[in-house]
Structure formats: C-alpha cells, structure tokens
Amino acid sequence: MALEDDALACIELAFAEMPFTADDLHFMGEALAFARIAFSEREVPIGAVVVREGKMIGRGRNRREFLADPTHHAEIEAIREAARSAGTWHLDGATLYATVEPCAMCAGAAVNARLARIVYGCTDPKAGYCGTLGDIPRDRRLNHRCEVEGGLLAEESAELLRLFFRARR
C-alpha cells in the first residue's frame, strides 16, 4: 500500500508541475493532425493552430513547396486565418500551438499579432527563435511579449520530422 501511495504521489507531483492543461494537449493534437497532412503532401511536417477563448480560430500547415512561397509556414498560415476569423490582426488573449519551435519569422509574426502565448512541441536547433537560437517572443526591447512553453508532445512532433527526412534520403 505504501508503494502504491508513493507512486500515486509521484504521478500527482508530475502533473502538478506540468504547465500544460488538457486543452493544451487537445489543441496540440490538432496541430499534429495538420502536421500529418503536410507530411502526406510531402511538405516538412509542421502544423499549427491558433486558439482564443477555447475555440480554434486559425489552423495551418507548411505549404512552402506547393505554393512556392518561402513565407508559407504553418504558423503564418494559422495566424493569417485567425486574423481573418477575428476580423482584426490584434489576436490578444490567443495561443499559438505549433508542433515545432517557431523560427524568427513566425515568432515575429506571433509578437506582431499580439498573441498571449506560444506552445510548441519539439525544439528546432537550426532555426528555433523561441529560446533556442534567440528569443524574439520574450525580448524586453519589443513592445509586446508572448509567454512561451515548449515540449508538449515533443516526441510525437520530432518523430514526424525524423520520418520525413529519413524518407527524403
């Protein structure tokens, strides 16, 4: 009985320290679904959704190859759709969920859209600008900052990338 209590206490402690909610898991799952669509379209498998007041108002996936547009990242697509849905570029209170740490362009777009929060899956050691190579969303010199939390469903996000790049070799 004591062993079960200790195990339960460890599990409860792990969940108490985890900054992610059930909604976070749900919406990151939605972003992963869009990453899988990108994968099936032979695009780098990154997906993103924007959520405000518990509702998904923007969604996107990488479509740079199909659209021949270097700016058509999943996060940009999701932010654009969210702005159209909201009728304004001010996305105050909204959260961006992205399967991979946003790059400088996407992190800048999140700041410019006035997003409250960025949640991402796996880090991007070659292009991530939400803490890895730089930290645009939390740069005190900017007039707006976003809260950033990484690591949600990181293994699932990273595995999609591994499968994609393994298939390209």
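No experiment lies behind these values; they were computed from the predicted model shown.

**Focus on the overall build of the protein**
Piece 1. Of regular secondary structure, the protein possesses six helices and five strands.
Piece 2. Ordering the α and β elements of the protein from the N terminus gives α-α-β-β-α-α-β-α-β-β-α.
Piece 3. Going through the 169 residues of the protein one by one, you find that 44% of them count as buried.
Piece 4. Sequence separation of at least 24 residues holds for 57% of the intrachain contacts in the protein that already meet a minimum separation of 6.
Piece 5. Accessible area of the protein: about 9,400 Å², with a carbon and sulfur share of 55%.

**Topic: unusual backbone geometry**
Piece 1. Unusually for a residue other than glycine, arginine 42 sits at a positive phi of about 65°.
Piece 2. Although it is not a glycine, arginine 114 adopts a positive phi angle of roughly 65°.
Piece 3. Inspection of the secondary structure puts arginine 114 in the loop between helix H5 (104-112) and strand S4 (117-122).

**Topic: helix H4 (residues 74-86)**
Piece 1. A rise of 1.5 Å per residue sets the reference length of H4, with its 13 residues, at 18 Å; its end C-alpha atoms lie 18 Å apart and thus fit the reference within 8%.
Piece 2. Inspection of H4 places Ala74, Glu75, Ile76, Glu77, Ala78, Ile79, Ala82 and Ala83 among the buried residues, and these make up the whole buried set.
Piece 3. Where H4 ends, the next residue or the one after it, glycine 87, has phi of about 75°, a positive value.

**Side note on the nonpolar core**
Within soluble globular proteins, side chains that are nonpolar generally end up buried alongside one another.
Piece 1. By size, the foremost hydrophobic cluster in this structure holds 32 residues, and its most contacted members are Val50, Ile79, Leu91, Leu115 and Ile118.
Piece 2. At the level of elements, strand S1 (47-52), H4, strand S3 (95-100), H5, S4 and helix H6 (154-168) are the ones that each hand at least two residues to this core.
Piece 3. Beyond its immediate stretch of four places on either side in the chain, isoleucine 118 contacts Leu96, Pro102, Ala110, Cys130, Pro137, Cys146, Glu147, Val148 and Glu149.
Piece 4. Judged by nonpolar contacts, the second largest core, of 10 residues, contains Phe20, Val49, Val119 and Leu152.

What counts and how
- Residues numbered from 1 in each chain as written.
- Predicted model: local features only at pLDDT ≥ 70, side-chain atom pairs only at ≥ 80, totals over all residues.
- Heavy atoms only, no water.
- Helix = DSSP H or I, 4+ residues; strand = E, 2+ residues; numbered from the N terminus.
- Buried < 20%, exposed > 50% of the residue type's maximum accessible area, 1.4 Å probe, protein only.
- Contact = heavy atoms within 4.5 Å.
- Areas by Shrake-Rupley, 256 points an atom, 1.4 Å probe, with all protein chains shown as cover.
- Expected span 1.5 Å × (residues − 1).
- Core = buried A, V, L, I, M, F, W, Y, C linked by side-chain atoms within 4.5 Å.

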